[in-house]
Amino acid sequence: HAARAMASVAAWLPFARAAAIGWVPIATHPLPPPPVPKDRRRAEDEKLLINVSGRRFETWRNTLEKYPDSLLGSTEREFFYDEESREYFFDRDPDIFRHILNYYRTGKLHYPKHECLTGYDEELAFFGILPDVIGDCCYEDYRDRKRENAERLM
Ligand SMILES: [Zn+2]
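Computed from a prediction, not measured in an experiment: that's the story for all the values here.

What counts, and at which threshold
The numbering scheme is per chain: residues are counted from 1 as the chain's sequence reads. At least 70 in pLDDT is required for a residue's local features to be given in this predicted model, at least 80 for side-chain atom pairs to be given and counted, and no such filter applies to totals for whole chains, interfaces and linings, which use all residues. By convention in this description, side-chain values take in all heavy atoms of the structure and omit both hydrogens and water. Strand pairing requires that DSSP identify at least two bridges connecting the strands. Numbering of helices and strands runs from the N terminus; a helix is a DSSP stretch of H or I covering at least four residues, while a strand is a stretch of E covering at least two. Each axis is a line fitted through C-alpha atoms, and for a helix only the stretch in contact is used; angles between axes span 0 to 180 degrees, taken between their N-to-C directions. Each angle gets one of four labels, with under 35 degrees taken as roughly parallel, over 145 as roughly antiparallel, 65 to 115 as roughly perpendicular, and the rest as oblique. By definition, residues are in contact when any of their heavy atoms lie within 4.5 Å. Throughout this entry, Asp, Glu, Lys and Arg are counted as charged residues, while Ala, Val, Leu, Ile, Met, Phe, Trp, Tyr, Cys and Pro are counted as nonpolar. The remaining residues, Gly among them, count as polar. Salt-bridge detection follows one rule: a side-chain nitrogen of Lys or Arg within 4 Å of a carboxyl oxygen of Asp or Glu. In this scheme, a residue with accessible area under 20% of its type's maximum is buried, one over 50% is exposed, and one in between is partly exposed, where area comes from a 1.4 Å probe on protein chains only.

**A closer look at the pairing of strand E1 (residues 47-52)**
Argument step 1. Relative to strand E2 (residues 55-60), E1 is paired through 6 bridges, and the arrangement is antiparallel. The partner of Val52 across the bridge, within E2, is Arg55.
Argument step 2. Note that E1 and strand E4 (residues 87-90) share 3 bridges and pair parallel. Note on E4: the bridge partner recorded for Val52 is Phe90.

Next up, the structure:
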């Protein structure tokens, strides 16, 4: 089982790398089909468990599928499904993930000012979310930080 789980993650990797340099729509870069979830009832909706580096989040499948072009909203999340623990596992930053999951719930993405911009951008890229969905409440902070970062690199 462990070997198969590793193979699944390996299949996902090229895509994650592509995402790191900018979200590429799934349609233009077809992936191998995700592993078919076995023995899982197809209910109208179901609660999903998402484990991010040991911190567990719960949400409804329908909540995630609001944004089918993102990693969690598409069937590509099945690459990260662990049949033993019956949860999705992501070896990512759980603090930033909270904001990502809230985006699915509210349609608004917030930028936590105390987080490093690069770290935040990397999490967004991994999960296939574009920074232009950042809410008006946080957009100025995000844009200013982006500008500061760009100037520092010049
Ligand atoms: Zn905000």
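And the narrative resumes.
**Re the packing of helix H4 (residues 117-126) against helix H5 (residues 136-153)**
Argument step 1. One can describe the packing of H4 onto H5 by two numbers: an axis separation of 10 Å at closest approach and a directional angle of 115°. When the axis of H4 is compared with that of H5, the two are roughly perpendicular. For the pair formed by H4 and H5, the contact residues are Leu117, Thr118, Tyr120 and Asp121 on the first element and Tyr142, Arg145, Lys146 and Asn149 on the second.
Argument step 2. When its residues are assigned to classes, the contact of H4 with H5 shows 3 nonpolar, 2 polar and 3 charged.

**A look at the pattern of salt bridges**
Argument step 1. Within this structure, the stated rule accounts for 12 salt bridges.
Argument step 2. Between Arg143 and Asp144 there is a salt bridge, with the nearest N and O atoms lying 3.7 Å from each other.
Argument step 3. Overall, the relative accessible area of 35% leaves Arg143 in the partly exposed class.
Argument step 4. We classify Asp144 as partly exposed; its relative accessible area is 30%.

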